[in-house]
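Residues per chain, in single letters:
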Amino acid sequence: MKLQFKEIFKSFGEKKVLKGISFTAESGMAFGILGRNGAGKTTSIRILMNVFAADSGEVLLDGKKIDYSGIKIGYLPEERGLYPKKKIAEQLWYFAELKGMNHSDAVKAVDYWLERLGMIEYRDKKLEVLSKGNQQKIQLITAIVHDPQIIVLDEPFSGLDPVNAMLLEDTVKEEISKGKIVLFSSHQMNYIEEFCDQIAILNDGQIAISGNIRDIKRGYTRDKLVLRSVDKEKIIKDLGDICSLYENDSLMITLPAPEQKKEMMSKLVSEYDIDEIRVFEPTLNDIFVEYTGGEKENDKK
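Thresholds applied
Residues numbered from 1 in each chain as written. Predicted model: local features only at pLDDT ≥ 70, side-chain atom pairs only at ≥ 80, totals over all residues. Heavy atoms only, no water. Helix = DSSP H or I, 4+ residues; strand = E, 2+ residues; numbered from the N terminus. Buried < 20%, exposed > 50% of the residue type's maximum accessible area, 1.4 Å probe, protein only. Contact = heavy atoms within 4.5 Å. Areas by Shrake-Rupley, 256 points an atom, 1.4 Å probe, with all protein chains shown as cover. Core = buried A, V, L, I, M, F, W, Y, C linked by side-chain atoms within 4.5 Å. Patch = residues over 30% accessible without salt bridge, like charges linked within 9 Å, V, L, I, M, F, W, Y side chains within 5 Å. Salt bridge = Lys/Arg side-chain N within 4 Å of Asp/Glu carboxyl O. Expected span 1.5 Å × (residues − 1). Arc of directions from axis to C-beta. Pairing = 2+ DSSP bridges. Axes fitted to C-alpha atoms, helices over the stretch in contact; angles between N-to-C directions.

1. Quick word on the overall build of the protein chain
In step 1: Per the secondary structure count, the protein chain includes 10 helices and 14 strands.
In step 2: Its C-alpha atoms put the protein chain at 75 × 45 × 35 Å along the principal axes.
In step 3: By the burial criterion, 45% of the 301 residues in the protein chain qualify as buried.
In step 4: Pairs at least 24 apart in sequence give 68% of the contacts found in the protein chain among residues at least 6 apart.
In step 5: Of the roughly 15,300 Å² that the protein chain leaves accessible, carbon and sulfur atoms contribute 47%.

2. Points about the nonpolar core
In step 1: Counting 49 residues, the largest nonpolar core has I138, F184, F195 and I199 as its most contacted members.
In step 2: The biggest single contributor to this core is helix α2 (residues 88-98), with six residues.
In step 3: Those residues in contact with F184 that sit more than four places away from it in its chain are F31, G32, I33, L153, P156, F157, V172, Y191, I192, F195 and C196.
In step 4: The next biggest cluster of nonpolar side chains, apart from the first, holds 25 residues, and it includes F5, F31, L61 and L202.

3. Some points on a nonpolar patch on the surface
In step 1: Residues Y83, Y94 and L98 make up a contiguous nonpolar surface patch of roughly 340 Å² in combined accessible area.
In step 2: Tracing the backbone shows Y94 in helix α2.
In step 3: The partly exposed category is assigned to Y94, whose relative accessible area is 43%.

4. Regarding helix α3 (residues 103-116)
In step 1: Its 14 residues place the ends of α3 20 Å apart at the C-alpha level, agreeing with the 20 Å of an ideal helix rising 1.5 Å per residue.
In step 2: Those residues of α3 not exposed but buried are A106, A109, V110, W113 and L114. Axial view of α3: buried residues confined to an arc of 130°, hence all on one face. In α3, the exposed positions that point more than 90 degrees away from the buried face belong to K108 and E115.
In step 3: At its buried positions, α3 is contacted by α2, α4 (132-144) and α5 (162-177).
In step 4: Backbone geometry just after α3 places G118 at a positive phi near 70°.

5. Describing the pairing of strand β2 (residues 15-26)
Residues in a regular strand point their side chains to alternate faces of the sheet.
In step 1: Two strands pair when backbone bridges link them, and strand β1 (residues 2-12) and β2 are joined in this way by nine bridges, in the antiparallel orientation. Bridged to F12 within β2 is K15.

6. Some details on the pattern of salt bridges
In step 1: Inspection of the entire model under this criterion finds 20 salt bridges.
In step 2: Among the ionic pairs, E276 bridges to R228, the shortest N-O distance being 3.0 Å. Here the residue E276 occupies a position in strand β14 (residues 274-279), and R228 occupies one in strand β11 (residues 224-229), the gap between them amounting to 48 residues.
In step 3: Connected through shared salt-bridge partners, R116, D147, E174, E175, K178 and K180 make up one network.

7. Brief notes about the sheet that holds strand β10 (residues 206-212)
In step 1: Taken in spatial order, the six strands of this open sheet run β6-β7-β8-β3-β9-β10, and their pairing is mixed. Only two strands of the sheet have a single partner each, and these edge strands are β6 (73-76) and β10. Going from strand to strand, the sheet's axes swing by 15° on average, the running direction of each strand aside.
In step 2: Pairing geometry for strand β9 (residues 196-203) and β10, over six bridges, is antiparallel. By the bridge assignment for β10, Q198 is matched with N212.
In step 3: Along the sheet, helix α10 (residues 284-292) makes contact with β3 (29-35), β9 and β10, crossing β9 at roughly 25°.

Right, here's the structure in full:
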């Protein structure tokens, strides 16, 4: 399947929120939608889910206008929308049936996912007894229990400890491997880099940059080397101005031209005790900051 946003415009009163955004997400891979608060991410998601219509433009599935009667969409919102006083299984059945499942199938699917995510012991408990992370797992089940073809995940790892985050990672990868379209929105860039092949960075209602993450990174001039060495002080002294301290006790060397990187690598390895050396590539955080003018997302408190 191929999901396309084609020249989508949306305004609320005088405020133009989306200004002709276009991107394509394909089945079997995750697509990251990034942007600062107010960039248009949530509006894009709501248009996809048919919460409201675009002013102009189209949402296409395999080249045709999306038919909401024939496609199932799962949505994990950033803000939780479950009932704290209700039993977990009962409300999961309810949400599954709202999405078209009969009761018998809903019961089987809910039990499968509760078991899969290590939550079966809480089946008949009220949601309010769960930790924040376990509530997030229940919220995830509401998004995937009905076996949707398109899954939208908004900050899915919020509140999860490392063990539960790994369990959720495996679940998301499993859904991707089934050939589903997964749209991923998060401020945690490490997860975006791990899951997403393609991204679109929104800024002020427009696509600032989009494409394959690897291709975007390789589009930057490759004229810097990052290295670690026990001879750090000697390297700084020998190389002078082209060498500077970088993060995590490493060094960065800025070359006069990208073509010199192989020669410099050979020189460094032959003359110094080198533990690690690589061509510098910007992180997704670096790219995000460049195209949105914001602070690094992983540096936010």
